[in-house]
Amino acid sequence: RIGAAPVRANQTQGLQQVWGATLAPIMSEPEPEARPSRELGIVEVTKLEAAERQLQAAAHLFMTDQDPVAIHTLVGAAFQVLSDLASRENRRMQIDAWIDLFEEPDRTTLRNALRFPQNYFKHADRPGDPEKTSFSQELTSLLIMDAALELNRQQGSIPVALLAFGSWYSLE
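As a starting point, this report considers the structure included with it. Counting from 1, residues in each chain are numbered in the order their sequence is written. Confidence filtering applies because this is a predicted model: local features only for residues at pLDDT of at least 70, side-chain atom pairs given and counted only at 80 or more, and all residues used for totals across whole chains, interfaces and linings. As a rule here, side-chain values come from all non-hydrogen atoms in the structure, and water together with hydrogens is ignored.

1. Points about the packing of aromatic side chains
Here a pair means two rings of Phe, Tyr or Trp (six-membered ring of Trp) with centres within 6.5 Å. Their orientation is stacked below 30 degrees between planes, edge-to-face above 60, and tilted elsewhere. Enumeration according to the criterion identifies eight aromatic pairs in this entry. Relative to Phe 121, the ring of Tyr 120 lies with its centre 6.1 Å away and its plane at 80 degrees, an arrangement referred to as edge-to-face. Only protein chains enter the area calculation, which uses a 1.4 Å probe; residues under 20% of their type maximum are buried, those over 50% are exposed, and those in between are partly exposed. Overall, Tyr 120 belongs to the buried group, its relative accessible area being 18%. For Phe 121, a relative accessible area of 24% gives the class partly exposed. Taking the centre distance of 5.3 Å and the plane angle of 75 degrees together, the rings of Phe 121 and Phe 135 count as edge-to-face. Taken together, the residues Phe 121 in helix H6 (residues 106–122) and Phe 135 in the loop between H6 and helix H7 (137–155) connect sequence positions 14 residues apart. Feature note: the residues Phe 62, Phe 165, Trp 168 and Tyr 169 constitute an aromatic cluster, connected by ring pairs. Only DSSP runs of H or I reaching four residues or more are called helices, and only runs of E reaching two or more are called strands; each is numbered from the N terminus.

Structure below.
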């Protein structure tokens, strides 16, 4: 299991200041197609659109210091969709390509450790799962970056929120 390594308080403060000063005005209103309807109706979305919206929401939650479990769950879902879409084109996510450089059994151990938190958060039927787990928010930020890179490869552009996150990430 990957141990917990929370984002440091001074990192979070700086993150919130940069986010607030540069993107809060842009992000205060969601994209028109992402606005929730007041009516309960049918929502039509592609896999790629769902992954993009999950990533944008995760980046926004991360940058505003919200619930790390919710963030990691959103990122894990988007990462998996983008990984599956990349596989259809015979490509690998960067993290998976890096893991493939290792020999077995380390490769399997790393892949299982990478996906353990997201699976833990969405399944309750796995025998042997511990009562509690911990995960690294650094892993969450790495998954956001890898998913954002794949999103860019898939659609040829990247949303502003993910560009801002990438700028912050590259400075860390």
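The rest of the description comes next.
2. Description of the nonpolar core
The tendency in soluble globular proteins is for nonpolar side chains to be buried as a group. Of all hydrophobic cores here, the largest spans 27 residues; its most connected members are Leu 55, Phe 62, Leu 82, Leu 143, Leu 162 and Phe 165. Put simply, the parts of the chain that give this core at least two residues each are helix H3 (47–63), helix H4 (68–88), helix H5 (94–99), H7 and helix H8 (160–171). Among the buried residues, those of types Ala, Val, Leu, Ile, Met, Phe, Trp, Tyr and Cys that are joined through side-chain atoms within 4.5 Å form a nonpolar core.

3. Topic: unusual backbone geometry
For the bond running from Glu 104 to Pro 105, omega is 5 degrees, close enough to zero to count as cis. As for its position among the elements, Pro 105 is in the loop between H5 and H6. Phi is positive for Asp 65, close to 60 degrees, though the residue is something other than glycine. Mapping Asp 65 onto the fold places it in the loop between H3 and H4.

4. A look at the pattern of salt bridges
Take a side-chain nitrogen of Lys or Arg and a carboxyl oxygen of Asp or Glu: if they are within 4 Å of each other, that pair is a salt bridge. Evaluated as defined, the whole model comprises eight salt bridges. A salt bridge links Asp 96 to Arg 111, with the shortest nitrogen-to-oxygen separation between them at 3.8 Å. A residue pair is termed long-range when its members are at least 10 positions apart, and Asp 96 in helix H5 and Arg 111 in helix H6 qualify at 15 residues. The class of Arg 111 is partly exposed, set by a relative accessible area of 23%. Salt-bridge contacts for Arg 115 lead to Asp 96; the nearest nitrogen and oxygen are separated by 3.4 Å. With Arg 115 in helix H6 and Asp 96 in helix H5, this pair connects stretches of sequence that are 19 residues apart. Within the structure, one salt-bridge network assembled from shared partners comprises Arg 92, Asp 96, Asp 100, Arg 111 and Arg 115.

5. Some details on the packing of H4 against H7
Helix-helix packing: each pair is described by the crossing angle between the helix axes and the interaxial distance. With their axes 9 Å apart at the nearest point, H4 and H7 run at an angle of 35 degrees to one another. Here H4 and H7 pass one another in a crossing that is left-handed. Residues Pro 68, Ile 71, His 72, Val 75, Phe 79, Leu 82, Leu 85 and Ala 86 of H4 form the contact with H7, whose participating residues are Gln 137, Leu 139, Thr 140, Leu 143, Ile 144, Asp 146, Ala 147, Glu 150, Leu 151 and Gln 154. Per-class residue counts for the contact of H4 with H7 are 12 nonpolar, four polar and two charged. Here the axes come from fitting lines to C-alpha atoms, over the contacting stretch only for helices, and the angles between their N-to-C directions go from 0 to 180 degrees. Working rule for handedness: look at the near helix, and if it is turned counterclockwise from the far one by less than a right angle, call the crossing left-handed; if clockwise, right-handed. When checking whether two residues touch, look at their non-hydrogen atoms; a contact exists if any pair is within 4.5 Å. Under this grouping Gly is polar, as are all residues other than the nonpolar Ala, Val, Leu, Ile, Met, Phe, Trp, Tyr, Cys and Pro and the charged Asp, Glu, Lys and Arg.

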